[in-house]
Amino acid sequence: MKNNSFDEIREKIDESEKIAVAAHVNPDGDAVSSCCGMALALEKKGKKVSVFLEDFSDKFDMIPYAEKILGKAENDDFDLFIALDCGDKERLGESKGLAEKVFTVNIDHHISNTGFGELNFVDAEASSASEIVYRLLDGWCEMDAEIACAIYTGIIFDTACFKHSSTTPLTMSIAGELMKYGIPFTEIQEKLFYSHTFVEARLLAAAIKNTSLECGGRLAVSNLSIEEIELNGGTSKDVDAIVSYIKNTTGVDAAAFFYEKRKGEIKASMRSNEAVNVSEIAVKFGGGGHVRASGCTLYGGFEEVMPKLVDELKKALEG
Ligand code: 5GP
Ligand code: MN
């Protein structure tokens, strides 16, 4: 797939009035932040903007514009649809219809992106969709404290505070530029990476109890049933940090965490280091993501679906 230029995308935005923006289902920090940064910039340009996202974690409420995000589009009466941080149409969830009916600009950094837009800009080397939004805005829309805060939040979320290998000198220089706008970076980091609710801590404890090590300690596998999640007073929004935690076990090269969204529907999250490309494995199961962080949804019970994915991970680790 060939990328369109930023100028082509800017021109299309400039000539549109009513613009819808959305990102992937189960929105993470980059999904929410890239949508907020883009929406604030579009408003600044005098556009009528609507952002549609599924329900997301309260952690992201501090991102400027987050309070204006809507749930589901009621119609497709838009001149333009901008999809951010989303690898394919299906992952837009309720906003899939927008991509089918409205002229679509697809801006993303997932290696598995299908190029579903009329205009596409996909950079799998970019740290985050938010970083690409910055590059699109640079020289075309004046930066301000709110846009800077949103974009910075997306970058630090997807790089885990500049830790992941997706962090580049460009990422750091963009973050440096954004800091000039006086963003509350200590608070943002605290909120995203250091604070957790008691329910999240209890679910982490339950997941750790369920963790087993395979492949001589190189693979960590855990799961939580819907009953375990509910018994601890949580929902699927409270389990996002678990897979990285178990991945951080000394000696572990890859981790898989499975949780039930509802009976018969299991979400799998995978994390790895350079030993395994977990995106390839997720794609085999109809999912996708990045080389070192990916996911998919599996249908059936744990006993049935877990071994299938775990076997692929074992093959990749041992192969
Ligand atoms: P997480 O494990 O945190 O849900 O997701 C890790 C990465 O994989 C994210 O970039 C996310 O967008 C992607 N991902 C997770 N689940 C799926 C899925 O079912 N399909 C696709 N295409 N990507 C996914
Ligand atoms: Mn992202």
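Structure shown above.
Structure report, in brief. Throughout this description, residue numbers start from 1 for each chain and increase along the sequence as written. All chains are assigned letters beginning at A, and all ligands numbers beginning at 1, according to the order in which they are written. Given that the model is predicted, a residue must reach a pLDDT of at least 70 before its local features are reported, and side-chain atom pairs must reach 80 or more before they are shown or counted; all residues, however, enter totals for whole chains, interfaces and linings. Processing note: side-chain calculations cover all non-hydrogen atoms of the structure and skip hydrogens and water entirely.

Looking at the overall build of the protein
Secondary structure summary: the protein contains 12 helices and 11 strands in total. Just to be clear, the radius of gyration here is over C-alpha atoms, and the globule rule we use is 2.2 Å times residues to the power 0.38. For 319 residues, the compact-globule formula gives about 20 Å, and the C-alpha radius of gyration of the protein, at 19 Å, lands near that figure. Its C-alpha atoms give the protein principal-axis dimensions of roughly 55 × 40 × 40 Å. For the protein, the proportion of its 319 residues judged to be buried stands at 54%. Accessible area for the protein stands at about 14,200 Å²; split by element, carbon and sulfur atoms hold 50% of it. Computed over 34 positive and 53 negative side-chain charges, the separation of the two mean positions in the protein equals 2 Å. Elements are defined by DSSP. Helices are runs of H or I of four residues or more, strands are runs of E of two residues or more, and each kind is numbered from the N terminus. When accessible area is computed with a 1.4 Å probe and restricted to protein chains, residues below 20% of their type maximum are described as buried, those above 50% as exposed, and intermediate ones as partly exposed. Using a 1.4 Å probe, accessible areas were evaluated by the Shrake-Rupley method; residue-level cover was limited to the displayed protein chains. Note on charges: Lys and Arg go in the positive column, Asp and Glu in the negative column, and His and the chain ends are not counted at all. In this description, the location of a charge corresponds to atom NZ of lysine, CZ of arginine, CG of aspartate or CD of glutamate.

Here's the deal with the nonpolar core
Counting 54 residues, the largest nonpolar core has V21, I82 and L178 as the members making the most contacts within it. Here this core gets nine residues from one element, more than from any other, and that element is helix α2 (residues 29–44). Contacts are residue-level and defined by heavy atoms, with any inter-residue pair within 4.5 Å sufficient. Sequence-distant contacts of I82, that is, excluding residues within four places in its chain, are made with I13, I19, A20, V21, A22, M38, L42, V105 and I107. In these notes, a set of buried Ala, Val, Leu, Ile, Met, Phe, Trp, Tyr and Cys residues joined through side-chain atoms within 4.5 Å is what counts as a nonpolar core.

Considering the coordination of the manganese ion (ligand 2)
Only nitrogen, oxygen and sulfur atoms qualify as donors, provided they sit within 2.8 Å of the metal or within 3.2 Å for Na, K and Ca; with water excluded from the atoms, sites may seem incomplete. Within the protein, D30 (OD), D85 (OD), H109 (NE2) and D158 (OD) serve as the donor atoms for the manganese ion (ligand 2), at 2.2 to 2.3 Å. All donor residues of the manganese ion (ligand 2) come from one chain, and their arrangement in sequence is D-x54-D-x23-H-x48-D. With a gap of 24 residues between them, D85 in the loop between β3 (80–84) and α3 (96–101) and H109 in the loop between β4 (104–108) and β5 (119–122) connect regions that are remote in the sequence. The pair formed by D85 and H109 is uniform in burial state, with each residue classed as buried.

Things to note about the pairing of strand β11 (residues 293–299)
Looking at chain direction, strand β9 (residues 265–272) and β11 are connected through seven bridges and run antiparallel. Its bridge partner lying in β11, R271 is registered against A293. What makes two strands pair is DSSP finding at least two bridges between them. Strand direction decides the pairing type here: strand β10 (residues 288–289) and β11, joined by two bridges, are antiparallel. Across the sheet, G289 pairs through a bridge with S294, a residue of β11. Hairpin connection, β10 to β11: the antiparallel pair is bridged by three residues.

A word on the packing of helix α4 (residues 129–137) against helix α6 (residues 169–179)
Note on definitions: angles span 0 to 180 degrees between N-to-C directions of axes, and those axes are lines fitted to C-alpha atoms, for helices only across the stretch in contact. Interhelical geometry of α4 versus α6 gives an angle of 65° and a closest axis separation of 11 Å. Judged by the inter-axis angle, α4 sits roughly perpendicular to α6. When the axes of α4 and α6 are compared, the crossing they make is left-handed. Where α4 approaches α6, its residues E131, Y134 and R135 are matched on the opposing element by L170, T171, I174, E177 and L178. Basically, the charged four are Asp, Glu, Lys and Arg, the nonpolar ten are Ala, Val, Leu, Ile, Met, Phe, Trp, Tyr, Cys and Pro, and anything else, Gly included, counts as polar. Tallied by class, the residues present in the contact of α4 with α6 amount to four nonpolar, one polar and three charged. Note that the term roughly parallel is reserved for angles under 35 degrees, roughly antiparallel for angles over 145, roughly perpendicular for angles of 65 to 115, and oblique for everything else. Two helices crossing with the near one rotated counterclockwise from the far one by less than a right angle form a left-handed crossing, whereas a clockwise rotation gives a right-handed crossing.

Side note on the site of ligand 1
Whether a residue is near a molecule or strand is decided by its heavy atoms; if any one of them lies within 4 Å of it, the residue is near. Surrounding ligand 1, one finds 15 residues, the nearest of these being R91, H110, K267, S269 and R271. Throughout this description, a polar contact denotes any pair of N or O atoms lying within 3.5 Å of each other; where both atoms belong to protein, one of them has to be capable of donating a hydrogen while the other can accept it, and for residues adjacent in sequence the pair is counted only when both atoms sit in side chains. At 2.6 Å, a side-chain N or O of K267 approaches an oxygen atom of ligand 1. For the shell around ligand 1, the secondary structure elements donating two or more residues are β9, β10 and β11. Ranked by residues supplied to the shell around ligand 1, first place goes to β11 with four residues. Residues belonging to the shell around ligand 1 are distributed by class as follows: two nonpolar, nine polar and four charged.

Notes on the environment of N120
Residue position: N120 is located in strand β5. On a C-alpha basis, the gap between N120 and I107 in space is 6.0 Å, while along the polypeptide they are 13 residues apart. If sequence neighbours within four positions are ignored, N120 has contacts with M1, N3, N4, N106 and G115. Of the polar contacts made by the side chain of N120, one reaches the side chain of N106; its length is 2.8 Å.

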